[in-house]
Amino acid sequence: QKPVRPSKVLNMILGIIFGVFSGGFIAFIIEYFDNTIKSIDQIERRGIHILAIIPAIKQNKKNHKSRKYLSKMPDVDKLQRRLITTEDPKSPISEAYRGLRTSMMYNSSNKKCSVILASSSGPGEGKTTTIANTAITYANLDKKTLLIDADLRKPVIHNVFKLDKTPGLTSYLSGDSDI
């Protein structure tokens, strides 16, 4: 008996069909189990109240000296945080921070709120910039405002406000401080 030879055309057609269906199935599974929020509409559909939308703070790229300096030190570019509410109090970004403050003050669920915590899952998402600018907007209303940087690994609030970091939160908690 002669051995049966595989049909190249049939194998190619079956391979294409299997590839398209398995690729489509994998794409469907990934999309089905993806629960990340990609738009404001998805937030509102989940019944979550949006307090404010803060536009991104862009760097001044016109200054050639600063661009040259930042190219030598790429970490400075990542760590740059701006106090836009004091630098340019009439900008739309400053107005957005004031809107955030007003939303937090008058939100029905926060009537007796005296503590605000800013947190996120990763670095570089704007926690420091947001909380520093929000604290300034509260202080501008003559409200008692205490900003505590509780990041014990990489604190940066002292850099933003150009303050000495000692004594810090760790010194206070361990009893080494005269505060």
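These numbers were taken from a predicted model, which means no experiment stands behind them.

The helix and strand tally for the chain stands at nine helices and zero strands. What you see in the chain, going N to C, is helices and strands ordered as α-α-α-α-α-α-α-α-α. Looking at the chain as a whole, 16% of its 179 residues are labelled buried. In the chain, 53% of the contacts between residues at least 6 apart in sequence involve partners at least 24 apart.

Okay, the packing of aromatic side chains next. This structure, assessed with the given rule, holds two aromatic pairs. Aromatic pair Phe28 and Tyr32: ring centres 5.8 Å apart, planes at 25°, arrangement stacked. Here Phe28 and its partner Tyr32 are both found in helix α1 (residues 8-33), four residues apart, which amounts to about one turn of the helix. Neither residue differs from the other here; Phe28 and Tyr32 are each classed as exposed. The interplanar angle of 85° and the centroid separation of 5.1 Å between the aromatic rings of Tyr32 and Phe33 together place this pair among those described as edge-to-face. Here Tyr32 matches Phe33 in class, with each residue exposed.

Below, the discussion takes up the packing of helix α6 (residues 92-106) against helix α7 (residues 127-140). Two elements in contact, α6 and α7, have axes whose closest approach is 9 Å; the angle formed by their N-to-C orientations is 75°. Considering their axes alone, α6 and α7 lie roughly perpendicular with respect to each other. Contacts between α6 and α7 involve Tyr97, Arg98, Leu100, Arg101, Met104 and Met105 from the first element and Thr129, Thr130, Asn133, Thr134, Thr137 and Tyr138 from the second. Looking at the contact of α6 with α7 residue by residue, the class counts come to five nonpolar, five polar and two charged.

The rules behind each value
Residues numbered from 1 in each chain as written. Predicted model: local features only at pLDDT ≥ 70, side-chain atom pairs only at ≥ 80, totals over all residues. Heavy atoms only, no water. Helix = DSSP H or I, 4+ residues; strand = E, 2+ residues; numbered from the N terminus. Buried < 20%, exposed > 50% of the residue type's maximum accessible area, 1.4 Å probe, protein only. Contact = heavy atoms within 4.5 Å. Phe/Tyr/Trp six-rings, centres within 6.5 Å; stacked < 30°, edge-to-face > 60°. Axes fitted to C-alpha atoms, helices over the stretch in contact; angles between N-to-C directions. Parallel < 35°, antiparallel > 145°, perpendicular 65-115°, else oblique. Nonpolar A, V, L, I, M, F, W, Y, C, P; charged D, E, K, R; others polar.

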